Amino acid sequence: MDREPRAAIIYTRMSLDKSGEGQGVERQETECRALCKRLGWDVVAVHEDNDISAISGKARPGWQATLQALSGGEANALVGWAPDRFMRRPRDLEDLLDIIEGRGVQVATVTAGAYDLSTPGGRLFARTMTAFARMETDQKSERQKAQERQRAYAGVRRQSGARPFGWLPDRVNIDPVEGPALRQAILDVTHGKSLRSLIAEWNADPAMRPSRGGEWHYSTIRELLQRPANAGLSVYQGEVVPNVVGDWLPIVTLAEHEAICAVLRNPARRLNASSKKKYFLAGVARCGVCDAPMNRASVNIRGKYRAVYRCRSGANHGIRSAVPIDEAVVEHVLDRLSKPDAADLFRPRTKSATRSALAEIERTRARLTEVEKDYAEGTITGAQFKATSAALAERLSTAQAALAIENQPSMPESLRKVNPAKGEAVWASLSVPDKSSVADALLSVTIYPTSDPEFGSLPYGCLLEWK
Ligand SMILES: [Zn+2]
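Here is a short report on the structure shown in this document. These numbers come from a predicted model, not from an experiment. (Residues numbered from 1 in each chain as written. Predicted model: local features only at pLDDT ≥ 70, side-chain atom pairs only at ≥ 80, totals over all residues.)

1. Here we look at the pairing of strand E4 (residues 106–109)
Next up, step 1: Burial along E4 is two-sided: the face carrying Gln106 and Ala108 and the face carrying Val107 and Thr109 are both buried.
Next up, step 2: Pairing of strand E3 (residues 77–80) with E4 involves 4 bridges; the strand directions are parallel. Each bridged residue has a counterpart across the sheet, and for glycine 80 the counterpart in E4 is threonine 109. (Buried ≥ 20, exposed ≤ 12 C-beta atoms within 10 Å, placed from the backbone. Helix = DSSP H or I, 4+ residues; strand = E, 2+ residues; numbered from the N terminus. Pairing = 2+ DSSP bridges.)

2. Some thoughts on the environment of isoleucine 9
Next up, step 1: Within the secondary structure layout, isoleucine 9 lies in strand E1 (residues 7–13).
Next up, step 2: Judged by local crowding, isoleucine 9 falls into the buried class, with 27 C-beta atoms found within 10 Å.
Next up, step 3: Separated by 36 residues in sequence, isoleucine 9 and alanine 45 place their C-alpha atoms 5.0 Å apart.

3. Overview of unusual backbone geometry
Leaving glycine aside, a negative phi is the common case for residues, and trans is the common case for peptide bonds.
Next up, step 1: With phi around 50 degrees, arginine 302 is a residue other than glycine that occupies positive phi space.
Next up, step 2: For arginine 302, the position within the fold is in the loop between strand E9 (294–301) and strand E10 (304–311).

4. Quick look at the packing of helix H9 (residues 254–265) against helix H13 (residues 352–377)
Angle between the axes and distance between the axes are the two parameters that describe a pair of packed helices.
Next up, step 1: It is at 9 Å that the axes of H9 and H13 come closest, and there the two elements cross at 135 degrees. On the basis of their axis angle, the class for H9 and H13 is oblique. The two elements H9 and H13 meet at a crossing, and its hand is right-handed. Each of Leu254, Ala255, Glu258 and Ala259 in H9 lies in contact with H13, whose residues at this interface are Leu358, Ile361, Glu362 and Arg365.
Next up, step 2: Tallied by class, residues from the contact of H9 with H13 come to 5 nonpolar, no polar and 3 charged. (Axes fitted to C-alpha atoms, helices over the stretch in contact; angles between N-to-C directions. Parallel < 35°, antiparallel > 145°, perpendicular 65-115°, else oblique. Left-handed = near helix turned anticlockwise from the far one by under 90°. Contact = placed C-beta atoms within 7 Å. Nonpolar A, V, L, I, M, F, W, Y, C, P; charged D, E, K, R; others polar.)

5. Focus on the nonpolar core
Next up, step 1: Core analysis: the largest hydrophobic core is formed by 27 residues, its most contacted members being Val189, Leu225, Ala259 and Ile260.
Next up, step 2: Looking at this core, the elements that each hand over two or more residues are helix H6 (178–190), helix H7 (195–203), helix H8 (218–226), H9, H13 and helix H14 (382–406).
Next up, step 3: Counting residues in each nonpolar core, the second largest holds 26 residues, with Tyr11, Ala75, Val79 and Leu96 among its members. (Core = buried A, V, L, I, M, F, W, Y, C linked by C-beta atoms within 7 Å.)

6. Looking at the sheet that holds E9
Next up, step 1: The strand order across the open sheet formed by 3 strands is E9-E10-E11, and the pairing between neighbours is antiparallel. A strand with exactly one partner marks an edge of an open sheet, and here the two such strands are E9 and strand E11 (319–321). Across this sheet, the average inter-strand angle for adjacent strands is 45 degrees, counted without regard to direction.
Next up, step 2: Taken together, the 8 bridges between E9 and E10 define a ladder with antiparallel strand orientation. Along E10, the bridge assignment pairs valine 299 with arginine 306.
Next up, step 3: Most of the contacts of helix H11 (residues 322–337) go to E10, to which it runs at about 60 degrees, and overall it touches E9, E10 and E11.

Structure, rendered in structure tokens:
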């Protein structure tokens, strides 16, 4: 290292990486100035980038200015805290080498000493340092992953990000308004309340705003209701960590959590919400011969096109004019809607099968907890524990499947308050898919061919039965 006076640029960078100590920009500059003094170099400029991790690839204006000054000959030495302050990526070093090639620029760092990039040895040293810096960055993300994993497996609540809805800002204790409301919503939806009405209610209530702001949507409400943390479950990389109890207070029991998940994962619910029924009774009416759903089609009968219902199976199970059947069904539905108890038909009700599935989930959950306790206390062997918990897991999934089947998609909200005077108006306001759902909920519609000995002679071949 020569001792001739040099015009030095000090480059400092504050990294988000907090693994190093005492690397604040001011401290870096002070140490760099001290180094320049020892080396007999004049400081001609100080460039700095703040709070930018070089690896993120964001622009570094200070670094760009440094390279410009070196390539323009305004300076012939570069001083920094450590090699990784200049260059995190091998690419950064190559940029620097390109610029100072042949200019005899010297580089000195507080932590790694001075090296002359104009010599092969100096360049090798710099490349090695860059490789180490790169390795350190990789290790940093490994370290973060490891910390995240450790946190999840210890059941410690994550403190970053928005406050989870339902808890106080300490993220451990339950918010006195949101917590009970969330639990009630989970129970209500499990027992048949629609997401649509829950979303409408919460969006109308300023106390129920999402923690991140904005409004509730299907996707966010579904996610909220099924969030494993509600039941005190810890999650790592999208998976629930087994046998870990979170250090925060749960809003629902494990059984209640499993019940809502079973209900919301029910494929029939999704299918029904998204299926666009174009025609009133298509898929609702059934074939009297084979019980397949009937399709609506337009066929040419004696030179005139007519809407008909015909069997979806493709077999010739007769065709029937659609319009009179539609009219008969509407007449029956309106008649039913004008009865004083009509609103009761559409009130969410817990079916007895839903109740027994929920009770079974509770029971099985409690039994699983007992078995785990027995195993922990050494009352049962590992083999017994394995066999018993496998059997209980089987029981649990059977109960969940039963719950999913029982919990059918619910009715349009307007029907929940329907009264005899309003029946017709409410009906007229419904969309075709909603009309289909209502007809399907109230009536079974079976269409027979004229050849059917028993029902073929019914008006339009259509048998209507109240469900
Ligand atoms: Zn058929």
